[in-house]
Amino acid sequence: MALDEKRVSDASAGVGSTGEKSFPDAAARYEQTRLKKARGMTLGIGLLKGMAVTLKHLFKRNSVIQYPDERQDLSPRTRGVIALKEENCTVCMLCGRECPDWCIYIDSHKETLPPKREGGRQRKRNVLDRFAIDYALCMYCGICVEVCPYDALFWSREFEYAEYDIRNLTHEKERLSDWMATVLPPPPLEEGALLPGQPEPEMAAPEAPAAAAPTTAATGARPATTTASAVEARPEQAEAAPKGSSAATEPARPTETLPEGEQKDETMTVGGPEAPKEQPAQMTEETKDQGAPSEPRVAKEPGPAEASDASGGRVAEEASASAATSGAERSGEPAGPSDAEAVPAEEPAELTPAQKAQFQAEPGPNVEVPHEDPKPIALERTEDPEEVYRQVLEEQRAKGSSPQVAEARAKVARVKAERGIKRGPTPVEVDKPVPSAPTKGQPAEPEPSGAPEAKEITPEPGPVAPTEDES
Amino acid sequence: MYEISMFGLSVTITAWQLLIVKLIVILTVVPVGALAGGYAMHKELGHLQHRLGPMYAGGFHGWAQTLADGLKFIYKEDIIPERADRRVFTLAPAVIFVPVILLFLVIPIDRTLIIEDLDIGLFYLLAIGSVGVIGVLMAGWSSANKYALIGGLRAAAQLIAYELPIVLSAAAVAMLAGTLSITGIVEAQDWPFLLWPPGIGLLAFLVFLVGNIAEMNLPPFDMPVAESEIITGAFTEYSGMRFIFGFFFAEMAHMVAFSAIAATLFLGGYRPIVPWGPLEAIPGILWFFGKFAFMFFFIVWVRFTFPRLREDQLQKFAWKFMIPVSLGLVLAAGAWVLYAPEQLWR
């Protein structure tokens, strides 16, 4: 690399210096010889480098899994075989309809059950008679598993069901149900994710709007949705908040958590929704400065009602104090973040109750996304409807249709003509014919390909003299 | 009547008995060597690519893989094309394989362990070593196949181009040693020729190595058998036993033979790498096999590192670089022998 750079710079210098003396040939020759010399020097080195690479790989650990003896721990999302949980199936047929290969076979019948209450309607129920997947056709796209609304189909990691007879690859529902034993339990929910059936929290999450508000207000996004999606989408961020609060309550740990806080602080300005990280970082810094345990933040406690009570005033004080100290420390840091990062850090991390109430009242304008509806292409009316009506009526009569049929067909033709729908096939544009497309009625002319015409092959005697047996 | 003393034993046998013993030895050593070499090559190749190589045949780390391969090929049908020149076609694998066996005759494994200590051993090696290409040419011509013909002609052109550097570098060795006898050359190497001061030995070694890799049709000089362009060249039409003997087996045996020859000519054969007391105590047979194993490892390493050259690049490299260099090498070796002070090198 270094050699190359040197070569290039020397060569260009040579061109520049001699080129001005109006000896372009000499300059080119000089450069050529230089290049040749440089190449000659690197010739053997490249070979040795290649040898070194292969030798290095000789001593690396091999990556072979000796399959029948050893087994790979396949990923939980492996698409091995599809298992059926029969009792969940309601014969809604979605899987069979969506299957691109049509390899799912479903048979069912309806069953009538007595009404639940006296005088009620009889109930009907679908009973699954047959559910089969033909794995000779299946292409493992997983659409059936995706579309199943009742969690009756699952991926299993098993893959060893090769057969000697292709017919045995059609797994009936008994065999598909057997695969259920190999289905892995669903992965645990992400930390902070909503449990099924749990009501969605109202925009509470007290610190989230408080911290996110300054940045999100600046970008003009709605704080409520932004913070909610931020908490949901970023589990690592949800972790970060409790970590910061624990650091604030335990005075012995801030020095340990400080670098982590700083790290998070650096990533903070990447986007608006990451703003909640700002708070723990600042708090650890603050506790380090004071060297004394600070009180647990009331603002961090859940419940918007508490945040707006008498402790709110103290929060505001502390917020301004923290902003001041952190700003001072920031300016003193040698390897501190750039100005762009420092700006959001100096903003108050927490809001006064008045500001909070204002944000809750007017969450800010929505972002308008430009949207254009696709316009339907209007069909042009090219024929006179009445004329078409008469023509079709005559045609039909000439064909010997009954008067009612002829009239009906003529009316249909008239309606089509009114809407601009052509009766016959759409005429092909003939001004610019595509050369490869065959024109109607005529076969396309063969294009000259330059290759000689194919002839019947006559074997040539070849270089060999006839052997004794032949002669 | 010959008296053979070896390992402290002394036996007296007739010339005929001696001949039979030698035949048995050579006919055991060559196939075993070729099979073991093939196995070692598979293993090394596998590990170069983070794989394991053969692991099943025979039980322990697939030691019988090459044996099983050979047996499989022997059981396969021996197809001879209808338009082929039958006699030449059937004879060609033998013409390729027999000279490779004969190479082993003059390689000393230890000071006395040599089958025939010819006075013109080096000349014999060079002469026999280049007979095999006639078999390749025969195979290519008699197959009545374009690919086979191209492969055979490529092999012939390659032999002509690379035989000269081999001969000239071997001549330099003979000049330094002052003899053509293989044992004499080994005895002349108090220090291996590779380490001789003016670099003549090293240069001769490199020329000999490259020339032999080309002559054995190993990558990066394997255009005569380039499977992706001319489908194993001269062996396109071969199948079964003729294929394995003419191609795989001969190639492996040739690699083994070349490793032994290079170890003998340039690395000092059965003598220690430095003339130092404790090293002299190690038996010569171990020295020989250590050097042999290194050479074998080295050519397999080269073989699987570099991609194949183009045919014209091959020829250009031979005529424009290798032959001038080897001519200069002979000049330098002559000058060294004539004018260098005796105590420097002898």
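Residues numbered from 1 in each chain as written. Chains lettered and ligands numbered in written order. Predicted model: local features only at pLDDT ≥ 70, side-chain atom pairs only at ≥ 80, totals over all residues.

A. Fine view of the overall build of chain A. Counting its secondary structure elements, chain A contains 16 helices and 5 strands. Every one of the 471 residues in chain A was classed for burial, and the buried ones make up 17%. Restricting the contact set of chain A to residue pairs at least 6 apart, pairs at least 24 apart contribute 70%. (Helix = DSSP H or I, 4+ residues; strand = E, 2+ residues; numbered from the N terminus. Buried ≥ 20, exposed ≤ 12 C-beta atoms within 10 Å, placed from the backbone. Contact = placed C-beta atoms within 7 Å.)

B. Structural view of the overall build of chain B. Scanning chain B for helices and strands turns up 14 helices and 2 strands. Counting every position in chain B, which comprises 346 residues, the buried fraction comes to 45%. Across chain B, every contact between residues at least 6 apart in sequence was considered, and the portion connecting residues at least 24 apart equals 75%.

C. Spatial organisation of the sheet that holds strand β2 (residues 104-113) of chain A. Residue and element names in this part refer to chain A. One open sheet holds the 3 strands; their spatial order is β2-β3-β5, and the pairing between them is antiparallel. Among the strands making up the open sheet, the edge pair consists of β2 and β5 (170-171). Pairing between β2 and strand β3 (residues 123-134): 10 bridges, direction antiparallel. Residue pairing across strands places Asp-107 opposite Arg-130, the latter belonging to β3. (Pairing = 2+ DSSP bridges.)

D. Here's a closer look at the packing of helix α3 (residues 86-103) of chain B against helix α10 (residues 240-266) of chain B. Residues and elements named next belong to chain B. Where α3 contacts α10, the axes come no closer than 9 Å and their chain directions differ by 20°. Classified by the interaxial angle, the pair formed by α3 and α10 is roughly parallel. Crossing geometry of α3 relative to α10 is assigned as left-handed. Taking contact as the criterion, the partners of Ala-92, Pro-93, Ile-96, Phe-97, Val-100 and Leu-103 in α3 are, on α10, Arg-242, Phe-245, Gly-246, Phe-249, Ala-250, Ala-253, His-254 and Ala-257. Across the contact of α3 with α10, the residue classes tally to 11 nonpolar, 2 polar and 1 charged. (Axes fitted to C-alpha atoms, helices over the stretch in contact; angles between N-to-C directions. Parallel < 35°, antiparallel > 145°, perpendicular 65-115°, else oblique. Left-handed = near helix turned anticlockwise from the far one by under 90°. Nonpolar A, V, L, I, M, F, W, Y, C, P; charged D, E, K, R; others polar.)

E. Structural detail: the interface of chain B and chain A. Contacts between the two partners involve 14 residues from chain B, matched on the other side by 15 residues from chain A. Across the side of chain B that touches chain A, the residue classes tally to 7 nonpolar, 3 polar and 4 charged.

F. Region of interest: helix α2 (residues 65-75) of chain B. All names here are of chain B. Among the residues making up α2, those that are buried are Gln-65, Thr-66 and Gly-70. Buried residues of α2 fall within an arc of 135° about the axis and therefore sit on the same side. For α2, the exposed residues lying more than 90 degrees away from the buried face are Leu-71, Lys-72, Ile-74 and Tyr-75. In this structure, the buried residues of α2 make contact with α1 (15-48) and α10. (Arc of directions from axis to C-beta.)

G. Representation of helix α8 (residues 200-215) of chain B within the structure. Residue and element names in this part refer to chain B. The first and last C-alpha atoms of α8 sit 22 Å apart over 16 residues, in line with the 22 Å expected at 1.5 Å per residue. The element α8 is extensively covered by neighbouring structure, given that 12 of its 16 residues are classed as buried. Turning to α8, its buried residues are Ile-200, Gly-201, Ala-204, Phe-205, Val-207, Phe-208, Val-210, Gly-211, Asn-212, Ile-213, Ala-214 and Glu-215. Looking one or two residues beyond α8, the residue adopting positive phi is Asn-217, at roughly 60°. (Expected span 1.5 Å × (residues − 1).)

H. View of unusual backbone geometry. In this chain, B:Pro219 is followed by B:Pro220 through a cis amide linkage whose omega measures 5°. Relative to the elements of secondary structure, B:Pro220 occurs in the loop between α8 and α9 (227-230). Even without glycine at this site, A:Tyr140 takes up a positive phi of about 60°. For B:Asn217, which is not glycine, the phi torsion reads 60° and is therefore positive. Secondary-structure assignment places B:Asn217 in the loop between α8 and α9.

I. Just the environment of B:Val210, in detail. All names here are of chain B. Tracing the chain through its elements places Val-210 in helix α8. For Val-210, a count of 23 C-beta atoms within 10 Å puts it in the buried group. Spatially, the C-alpha atom of Val-210 lies 9.7 Å from that of Ala-318, the residues being 108 residues apart in sequence.

J. Representation of the environment of B:Phe317 within the structure. Residue and element names in this part refer to chain B. For Phe-317, the location among the structural elements is in helix α13 (residues 311-339). With 17 C-beta atoms packed within 10 Å, Phe-317 lands in the partly exposed category. Residues Phe-317 and Ala-161, 156 residues apart in the sequence, show an inter-C-alpha distance of 9.2 Å.

K. Just the nonpolar core, in detail. Counting 98 residues, the largest nonpolar core has B:Ala172, B:Val173, B:Ala253 and B:Ala257 as its most contacted members. Setting aside chain neighbours within four positions, we find B:Ala172 in contact with B:Ile200, B:Ala204, B:Leu329, B:Val330 and B:Ala333. Of all hydrophobic cores here, the second largest spans 18 residues; its members include A:Ile82, A:Ala83, A:Phe131 and A:Ile133. (Core = buried A, V, L, I, M, F, W, Y, C linked by C-beta atoms within 7 Å.)

L. Representation of the environment of B:Ile182 in the model. Residue and element names in this part refer to chain B. Note on placement: Ile-182 falls in helix α7 (residues 182-188). Residue Ile-182 is classed as buried on the basis of its 27 C-beta neighbours within 10 Å. For the pair Ile-182 and Leu-125, spaced 57 residues apart in sequence, the C-alpha to C-alpha distance is 9.4 Å. For Ile-182, the contacting residues outside a window of four places in its chain are Val-106, Ile-107, Pro-108, Gly-121, Leu-122 and Thr-264.

M. Up close: the packing of α1(B) against α2(B). All names here are of chain B. The geometry of α1 relative to α2 is characterised by a closest axis approach of 8 Å and an angle of 115° between their N-to-C directions. Between α1 and α2, the interaxial angle falls into the category roughly perpendicular. The crossing of α1 and α2 is right-handed. Facing Leu-35, Gly-38, Tyr-39 and His-42 of α1, the residues of α2 in contact are Gln-65, Thr-66 and Leu-67. For the contact of α1 with α2, the per-class residue count stands at 3 nonpolar, 4 polar and no charged.

N. The confidence of the model for chain B, seen in detail. Summarising the model, chain B shows a mean pLDDT of 84, and 95% of its residues fall at 70 or more. Model confidence for the complex: the whole-complex pTM is 0.56, and ipTM, which rates the interface, is 0.72. (pLDDT = per-residue confidence, 0-100.)

O. Examining the pairing of strand β1 (residues 81-84) of chain A more closely. All names here are of chain A. The two faces of β1 match: Val-81 and Ala-83 on one face and Ile-82 and Leu-84 on the other face are all buried. Relative to strand β4 (residues 153-156), β1 is paired through 4 bridges, and the arrangement is antiparallel. The residue of β4 that forms the bridge with Val-81 is Ser-156.

P. Summary view of the confidence of the model for chain A. Residue and element names in this part refer to chain A. Model confidence for chain A is summarised by a mean pLDDT of 66, while 47% of its residues fall at 70 or above. The element-level mean pLDDT for chain A is lowest in helix α9 (residues 254-267), coming to 41, with helix α4 (residues 143-147) highest at 91. Overall, residues 208-348 carries pLDDT values under 50, and its contacts beyond four positions in sequence, including any with other chains, amount to 180 contacts.

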